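Structure assessment
Below are the chains, spelled out letter by letter.
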Amino acid sequence: MKSQNCGNPQPTAPGHDPSSPPGVRSTERRLGTFRVIALYVAMAWRTSRYLTLSSLLLRLADSLVPVSILYVGKLIIDDVSHQIPYGAPVLSDVLYGERLHPLALLIAAGFGLAVITDVLSRVRSLVEGTLGERISVALTALLMERAATLDLKDFEDAEFQAHLEAAREQTTDTMTLSGLFSQAASIVKVMAFAAALLIIAPWVMVLLLIAVVPAFVGEFYFNERRYSLDWSRIQERREHDYLCFTATSVEAAKEVKIFGLSRFLISRYVALARQFYTAMRKLEVRNEIWSGVFTTLATMAYYGAYAYIVWRTLQGDFTVGDLTFLAGSFLQLSKEVETVLFRFAGIFASEVEYLNYLFSFFQREPEILTPENPLPVPSPVREGFVFEDVGFRYPGSERWAVRGLNFELLAGEVVAVVGESGAGKTTLVKLLTRLYDPDEGRILLDGKDLREYDLDELRNSIGVIFQDFVRYAMTANDNIAVGRITARKDGDRIERAAECSQASKVIGRLPEGYDQMLGNGFKGGVELSGGEWQKIAIARAYMRNAELLILDEPTAALDARSEYEVFRRFKERSKGKTSVLISHRFSSVRMADRVLVLADGKVEAQGTHEELLAQSGRYAELFELQAAGFR
Ligand SMILES: Nc1ncnc2c1ncn2[C@@H]1O[C@H](COP(=O)(O)OP(=O)(O)OP(=O)(O)O)[C@@H](O)[C@H]1O
């Protein structure tokens, strides 16, 4: 079972199918496991051939040492038994005599092998540690790279989130590598011991099978059960993590304190944990009982083999050295075979399964792509954007978020979009930026479908500041530079952008100015107010120098005067550029050249502020409501 942490999980949406991946897997899936292992080893090879090869060679050398130590032990015992009839040696025999010379050499060899084992295992653990870390960094970088290419729809999908989390955990797990390499080494060890046993006493191998096969079948069965229990409870586990995160995170701390939620969260957490652990404990009890039975069987087989070897020794077929060698080999072999089989059961049941998510994540392809022969994005835009009968439903949703949406955004025009919550304003922005593609109709840019343009170029020429913009735990400079990260070092441009959004005043009050770390995520960071953060975020729009600029309500936390000022400057600065303002404040909205009124995913009315007021429709009604609030 993967560790239950207290990370930053998102609550999962209902309807997730916990049977994926199913609890009991088919042969086909197991064969896939070998592919996953091969992919992982290939990844290790690409990360560092030198370290991978060194690690494998060290493992190989290491795995041949135990059988050699045992064999040297056998030679010593045989030599001692051979010497006993000649009486006790004197010290000079040890130092100069021929008699004890071979024995002394054997003991020295045993000592040498013991030292070599220690050195090998230390060097190996250093090499594997380094390789494991490098693979972990490479995998995480690849994961970040792949995540950047995926669609927003993927990130908004609960099942995808669960898989991504599992994949992310796997990238930081440096144990996988040593687990796989230990397995390879154990197989070599088993082969070395089995070869020795087969040569001297082949019958003992039958007893070995009796000792390990039932235990392996049992382990495999219980691992499968454990794994499927783990997956069938993935929702509960994520909720479990989510509760812990909510009770301990800075994001929720205010509400948890004010509403006195901690008892409620803790009791839900404990109840869920109990449910999970009770089911797991029942399985563990059954597992322990069966393990006990299988271990007894294995012990019986071991003593059976021991009795057989002792009997053959008394018959004169084996020497005393053979006896110790065979008994020791049998014991080590049965332990090693058990380890190999158990590890296989374990690897199949969990480790590789988690690796599977990682590699299947790497193979995931985005659906929103650049076409084969993309058109260059016009600069400047000549005509503008046209929504033609656009309809869109969020994945998994029955409801149309927008449908029959028709309007134009003329080049160089400032358009405000208003509408009640859920009217489809943000959806419109997501469609314009191709974070989603419409299910019906099309969006044209200078007469051509948006899907015909180069995606990166298109996004590059649009600047959007969303209402849920990101508060990066970075310096004020970088928080603005993210608007055009390639200009991160262009201090003048950053300062000008900050000036336009009024962020410069906020930054002027910070002890370290533009180099001030923002947010309280890291030591030395300074937290800003909601409105101050918004000014910083809006500066990103000025960094962008885009053909189309969109402010999707990033000003809600600003006071009315600041928002008015932000919009006034925004309008001034965006001369010649197409701009979209989304706001609930009519004092700002009225500045636009044209206002679109959205309702139920459609344009209900459009015109200038004055025209819309004259129509006495929803716009006039909403305006009146707001104006009344100030009277
Ligand atoms: N990620 C999503 N998955 C499923 N449905 C969504 C998603 N985002 C929005 N919706 C739905 O689409 C509809 C339009 O939402 P949208 O966010 O565009 O509204 P909005 O006009 O921007 O609202 P607000 O003023 O509250 O920001 C809503 O009914 C909403 O429930």
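Residues numbered from 1 in each chain as written. Predicted model: local features only at pLDDT ≥ 70, side-chain atom pairs only at ≥ 80, totals over all residues.

What to know about the overall build of the protein
To keep things clear, this is the line we draw: Each helix corresponds to a stretch of at least 4 residues labelled H or I by DSSP, and each strand to a stretch of at least 2 residues labelled E; elements are numbered beginning at the N terminus. Three exposure classes are used. Buried residues have 20 or more other C-beta atoms within 10 Å of their own C-beta, exposed residues have 12 or fewer, and partly exposed residues fall in between, all C-beta atoms being placed from the backbone. The contact criterion used here is simple: two residues whose C-beta atoms, placed from the backbone, lie within 7 Å are in contact.
When its secondary structure is counted, the protein shows 22 helices and 10 strands. Looking at the protein as a whole, 30% of its 631 residues qualify as buried. For the protein, the proportion of contacts with a sequence separation of at least 24, taken over those separated by at least 6, is 77%.

Focus on the sheet that holds strand E9 (residues 594-599)
Keep this limit in mind: When DSSP locates at least two bridges between a pair of strands, those strands are taken to pair. Fitted lines through C-alpha atoms give the axes, limited to the stretch in contact for helices. The angle between two N-to-C directions lies from 0 to 180 degrees.
Here we have 6 strands laid out as an open sheet, ordered E6-E7-E8-E3-E9-E10, and mixed in their pairing. Two strands lie at the open edges of the sheet, namely strand E6 (462-465) and strand E10 (602-607), each paired on one side alone. Neighbour-to-neighbour, the strand axes of the sheet open up by a mean angle of 20°, direction not taken into account. For strand E3 (residues 414-419) and strand E8 (residues 578-582), the ladder comprises 4 bridges, and the chain directions are parallel. Along E8, the bridge assignment pairs Ala416 with Leu581. Of the strands in this sheet, E6 and strand E7 (548-552) are in contact with helix H18 (residues 530-544), which crosses E6 at around 175°.

What to know about the packing of helix H9 (residues 234-248) against helix H11 (residues 262-314)
This is how the line gets drawn: If an angle is under 35 degrees, it is roughly parallel; if it is over 145, roughly antiparallel; if it lies from 65 to 115, roughly perpendicular; otherwise it is oblique. Two helices that cross are described as forming a left-handed crossing if the nearer one is turned anticlockwise from the farther one by less than a right angle, and a right-handed crossing if clockwise. Three categories are distinguished: nonpolar for Ala, Val, Leu, Ile, Met, Phe, Trp, Tyr, Cys and Pro, charged for Asp, Glu, Lys and Arg, and polar for the others, with Gly belonging to the last.
For the pair H9 and H11, interaxial distance at closest approach is 9 Å and the crossing angle is 150°. Between H9 and H11, the angle is such that the two are roughly antiparallel. Helix-helix and strand crossings are classified by hand; for H9 and H11 the assignment is left-handed. Contacts between H9 and H11 involve Glu236, Arg237, Glu239, His240, Leu243, Cys244, Thr246 and Ala247 from the former and Ser262, Leu265, Ile266, Arg268, Tyr269, Leu272, Ala273, Gln275 and Phe276 from the latter. Taken together, the residues of the contact of H9 with H11 sort by class into 9 nonpolar, 4 polar and 4 charged.

Notes on unusual backbone geometry
Glycine aside, negative phi is the norm for most residues, and most peptide bonds take the trans geometry. Following Ser379, the chain continues to Pro380 via a peptide bond in cis, the omega torsion being 5°. Following the sequence through the fold, Pro380 ends up in the loop between helix H12 (320-363) and strand E1 (384-392). Even without glycine at this site, Asp446 takes up a positive phi of about 45°. Residue position: Asp446 is located in the loop between strand E4 (440-445) and strand E5 (448-449). Phi at Asp600 is positive, roughly 50°, even though this residue is not glycine. Here Asp600 is to be found in the loop between E9 and E10.

Let's talk about the packing of helix H2 (residues 49-83) against helix H4 (residues 101-149)
Axis separation between H2 and H4 bottoms out at 9 Å; the angle between their running directions is 160°. With respect to their mutual orientation, H2 and H4 come out roughly antiparallel. Here H2 and H4 pass one another in a crossing that is left-handed.

Some points on the site of the ligand
The cut-off we apply is this: As used in this record, a residue near a molecule or strand is one whose C-beta atom, placed from the backbone, is within 6 Å of it.
Around the ligand, the surrounding shell consists of Glu156, Tyr394, Ser397, Ala401, Gly419, Ser421, Gly422, Ala423, Gly424, Lys425, Thr426 and Thr427. With 3 residues, the top contributor of residues to the shell around the ligand is helix H13 (residues 425-432). Each residue belonging to the shell around the ligand can be placed in one class, and the counts come to 3 nonpolar, 7 polar and 2 charged.

Here we look at the nonpolar core
To be explicit about the condition: As used throughout, a nonpolar core is a set of buried Ala, Val, Leu, Ile, Met, Phe, Trp, Tyr and Cys residues joined through C-beta atoms within 7 Å of each other. The source of the domain bounds is an automatic or database domain assignment.
Core analysis: the largest hydrophobic core is formed by 72 residues, its most contacted members being Val417, Ile480, Ala539, Leu581 and Val595. For this core, the element with the highest residue contribution is H18, accounting for 8 residues. Both domains that furnish three or more residues to this core are identified here as domain 3 (383-461 + 548-631) and domain 4 (467-545). Residue contacts for Leu581: discarding those within four places in its chain leaves Val414, Ala416, Leu551, Phe567, Ser588, Val589 and Ala592. In terms of nonpolar packing, the next biggest core, distinct from the first, is built from 24 residues, Val204, Ile309, Phe325 and Val340 among them.

Observations regarding H18
Inclusion rule: Multiplying 1.5 Å by the residue count of a helix minus one yields the expected span of that helix.
Helix length check: H18, at 15 residues, gives a terminal C-alpha distance of 22 Å against a target of 21 Å (1.5 Å per residue), a fit within 8%. Buried residues dominate H18, accounting for 13 of its 15 residues. Just past H18, the residue Asn545 takes up positive phi, approximately 50°.

Points about the sheet that holds E1
Spatially, E2-E1-E4-E5 is the arrangement adopted by the 4 strands of the open sheet, whose pairing is antiparallel. Single-partner strands in this sheet number two, and they are strand E2 (402-410) and E5. With 2 bridges connecting them, E4 and E5 associate as antiparallel partners. Along E5, the bridge assignment pairs Leu445 with Lys448. On top of the sheet, H13 reaches E1, E2 and E4; it is set at about 115° to E1, its chief contact.

Topic: H13
Think of an α-helix as turning once every 3.6 residues; residues three or four places apart then point the same way. The buried count for H13 comes to 8 of 8 residues, which makes it a mostly enclosed element. Listed as buried for H13 are Lys425, Thr426, Thr427, Leu428, Val429, Lys430, Leu431 and Leu432. Positive backbone phi, approximately 55°, marks Arg434, located one or two places after H13.

Overview of the UniProt feature "transmembrane region" (unreviewed entry) in the protein
The cut-off we apply is this: UniProt positions are given in the numbering used here, feature names are shortened, and annotations may be inferred rather than shown by experiment.
Taking the UniProt record as the reference, the feature "transmembrane region" (unreviewed entry) is found at residues 190-217 and 289-311. End-to-end, the C-alpha atoms of residues 190-217 are 19 Å apart, and along that stretch the chain is 89% helix and 0% strand. Taken end to end, residues 289-311 has its terminal C-alpha atoms 33 Å apart, with 100% of it in helix and 0% in strand.

Description of the environment of Leu126
Checked against the element boundaries, Leu126 lands in helix H4. Residue class for Leu126 comes out partly exposed when judged on the 13 C-beta atoms lying within 10 Å of it. As for Leu126 and Val65, which are separated by 61 residues in sequence, their C-alpha atoms are 19 Å apart.

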